[in-house]
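Letter by letter, the chains look like this.
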Amino acid sequence: MAVRIDGKALAAKIKGQTAAEAARLPRRPGLAVVLVGEDPASQVYVAGKERDCAECGIESFGRRLGAETSQEALLELIRRLNEDPRVDGVLVQLPLPGHLDEQAVINAIAPDKDVDCFHPFNVGRMAVGDPVFLPCTPAGVMAMLDEYEIPIRGKRCVVLGRSNIVGKPMAALLTQRDGTVTICHSQTEDMARHTREADILVSAVGRTGLVTADMVKEGAVVIDVAMNRDENGRLCGDVDFAAVEPKASYITPVPGGVGPMTRACLMRNILAAARLHQA
Ligand code: GUN
């Protein structure tokens, strides 16, 4: 039976450290959270981030904009936040309404305030192994592996999903730690052939029931990044948890696994940004 990785407890520890270090800075760190439109999931995520900020002694400046906001108005707001000395981090919650150009919006965020680590400058710095910020979800996964002393070097790591937010940076970080990494995606032929080889399997697809027990090697470490809703509206991941738990060595639950870690790593990035700005 697998050990359940307690993301909630580790996130609380990281947030406690972040709060202690933030309190020692001459000025409170600040985060501007920009939410465009009324996507219910985004509203929940943003509220969670604002709560975390409060817990960590980080000031949050919420900016709620209507769904009809123009690209120009959004870019203008980002320009103002880039110049605001109280603001150390600028976070634009994704996805944006369809008429907005997400990449152009990300590109407009000052790289030294890009606490999501989405800007191409920071993606490049991470890719060459000289990061300013680490992307929050992959960094959270790495922190969990390290906390439970799970070795990565030489291990077969399989990442399901190739998004810019999770899959691609996850593969980069595992590679930097000497994992042997395969990325599977919607066009992969016979995905199970790859997953069955995995010592560490990270699923970030967003499809309930994607990872079944027959796809998992005995003793594998299974990390579930997804936040899906099942047919009863309950939060669940990609992994068939009940069936995979007996087979895995370590497994992350949903909720209480990766989710809280993503948010804790965001707080850590805001602290890092504040240090940059106050140095
Ligand atoms: N949407 C889903 N995950 C994230 C995230 O980590 N950051 C932002 N800005 N938007 C998201």
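Parameters and conventions
Residues numbered from 1 in each chain as written. Predicted model: local features only at pLDDT ≥ 70, side-chain atom pairs only at ≥ 80, totals over all residues. Heavy atoms only, no water. Helix = DSSP H or I, 4+ residues; strand = E, 2+ residues; numbered from the N terminus. Buried < 20%, exposed > 50% of the residue type's maximum accessible area, 1.4 Å probe, protein only. Areas by Shrake-Rupley, 256 points an atom, 1.4 Å probe, with all protein chains shown as cover. Lys, Arg positive; Asp, Glu negative; His and termini not counted. Charge placed at Lys NZ, Arg CZ, Asp CG, Glu CD. 1 Å grid on protein atoms, 1.4 Å probe; cavity = no way out; pocket = protein on both sides within 12 Å on 5 of 7 lines; lining within 4 Å. Points joined across faces, edges and corners; volume = space filled by probe spheres on them. Nonpolar A, V, L, I, M, F, W, Y, C, P; charged D, E, K, R; others polar. Phe/Tyr/Trp six-rings, centres within 6.5 Å; stacked < 30°, edge-to-face > 60°. Patch = residues over 30% accessible without salt bridge, like charges linked within 9 Å, V, L, I, M, F, W, Y side chains within 5 Å. Salt bridge = Lys/Arg side-chain N within 4 Å of Asp/Glu carboxyl O. Core = buried A, V, L, I, M, F, W, Y, C linked by side-chain atoms within 4.5 Å. Contact = heavy atoms within 4.5 Å. Polar contact = N/O pair within 3.5 Å; in protein donor to acceptor, adjacent residues only side chain to side chain. Axes fitted to C-alpha atoms, helices over the stretch in contact; angles between N-to-C directions. Parallel < 35°, antiparallel > 145°, perpendicular 65-115°, else oblique. Left-handed = near helix turned anticlockwise from the far one by under 90°.

Which parts of the structure should I look at to understand the overall build of the protein?
When helices and strands are counted, the protein shows ten helices and eleven strands. With the C-alpha coordinates of the protein rotated into their principal frame, the extents come out at 50 × 40 × 35 Å. Counting only residues that meet the buried cut, the protein has 49% of its 279 residues in that class. If you sum the accessible surface of the protein, you get close to 12,700 Å²; carbon and sulfur atoms cover 51% of it. When the 32 positive and 36 negative side-chain charges of the protein are each reduced to one mean point, those points stand 3 Å apart.

Explanation requested: empty space enclosed by the protein in the structure shown.
In this approach the atoms are scanned with a rolling probe the size of a water molecule, which exposes any empty space left behind. Under the counting rule described, the total for this entry stands at one cavity of 30 Å³ or more. Along the walls of the largest cavity sit Val92, Ile106, Ile109, Asp114, Asp116 and Phe118, which together make up its complete lining. Considered class by class, the residues forming the lining of the largest cavity number four nonpolar, no polar and two charged.

In this structure, what is going on with the packing of aromatic side chains? I would like to understand it.
Centre distance and the angle of the planes are the two values used to describe a pair of aromatic rings. Under the definition given, this model contains one aromatic pair. Seen in terms of ring centroids, Tyr148 and Tyr250 are 6.0 Å apart; in terms of plane orientation they differ by 70 degrees. Their pairing is edge-to-face. Here Tyr250 lies in strand S11 (residues 250-251) and Tyr148 lies in the loop between helix H6 (136-147) and strand S5 (156-160), a separation of 102 residues in the sequence.

Is there a simple way to explain a nonpolar patch on the surface in this structure?
Judged by side-chain polarity, Val44, Tyr45 and Met227 come together as a nonpolar surface patch covering roughly 270 Å² of accessible area. Tracing the backbone through its elements, the reader meets Met227 in the loop between strand S8 (221-224) and strand S9 (228-229). Judged by relative accessible area, Met227 falls into the partly exposed class, the value being 37%.

How should I be thinking about the nonpolar core in this particular structure?
As a rule of thumb, nonpolar side chains are buried together in soluble globular proteins. With 27 residues, the main nonpolar core has Leu145, Leu174, Val202, Ile223 and Val225 as its most contacted residues. Element by element, the count of residues in this core is highest for H6, at five residues. Not counting chain neighbours up to four residues away, the residues in contact with Leu174 comprise Met142, Leu145, Ile152, Cys157, Val159, Gly179, Val181 and Val202. Among the nonpolar cores identified, the runner-up in size contains 19 residues, and Val36, Ile78, Val105 and Phe118 belong to it.

Please clarify how the side chain of Thr69 should be interpreted in this entry.
Looking at where Thr69 falls in the secondary structure, it is placed in the loop between strand S3 (59-65) and helix H3 (71-83). In this structure the side chain of Thr69 is engaged in a polar contact, spanning 2.5 Å, whose partner is the backbone oxygen of Gly66. Apart from the residues within four sequence positions on either side, Thr69 is in contact with Val36, Leu74, His99 and Leu100.

Looking at this structure, I do not really get the packing of helix H2 (residues 40-55) against helix H10 (residues 258-278). What am I missing?
Each pair of packed helices can be described by the angle between their axes along with the distance between the axes. Here H2 crosses H10 at 55 degrees, and the two axes come no closer than 10 Å. With respect to H10, the axis of H2 lies oblique. Here H2 and H10 pass one another in a crossing that is right-handed. Of the residues in H10, those touching H2 at Gly48, Lys49, Arg51, Asp52 and Cys53 are Arg263, Leu266, Met267 and Ile270.

So what exactly am I meant to see when it comes to the side chain of Asp116 here?
The topology assignment puts Asp116 in the loop between helix H4 (102-108) and helix H5 (120-127). Despite its burial, Asp116 pairs with no opposite charge; the closest candidate is Lys49, at 5.1 Å N-O. Discounting residues that sit within four places of it in the chain, Asp116 has contacts with Leu91, Val92, Pro135, Cys136 and Leu266.

What is the right way to look at helix H7 (residues 167-176) in this model?
Side chains three or four residues apart in an α-helix point the same way, a direct result of the helix having 3.6 residues per turn. Buried within H7 are the following residues: Gly167, Pro169, Met170, Ala171, Leu173 and Leu174. In this structure, the buried residues of H7 make contact with H5, H6, S5, strand S6 (180-184) and strand S7 (200-203). Taken from the residues just after H7, Asp178 is the one with a positive phi, measuring 75 degrees.

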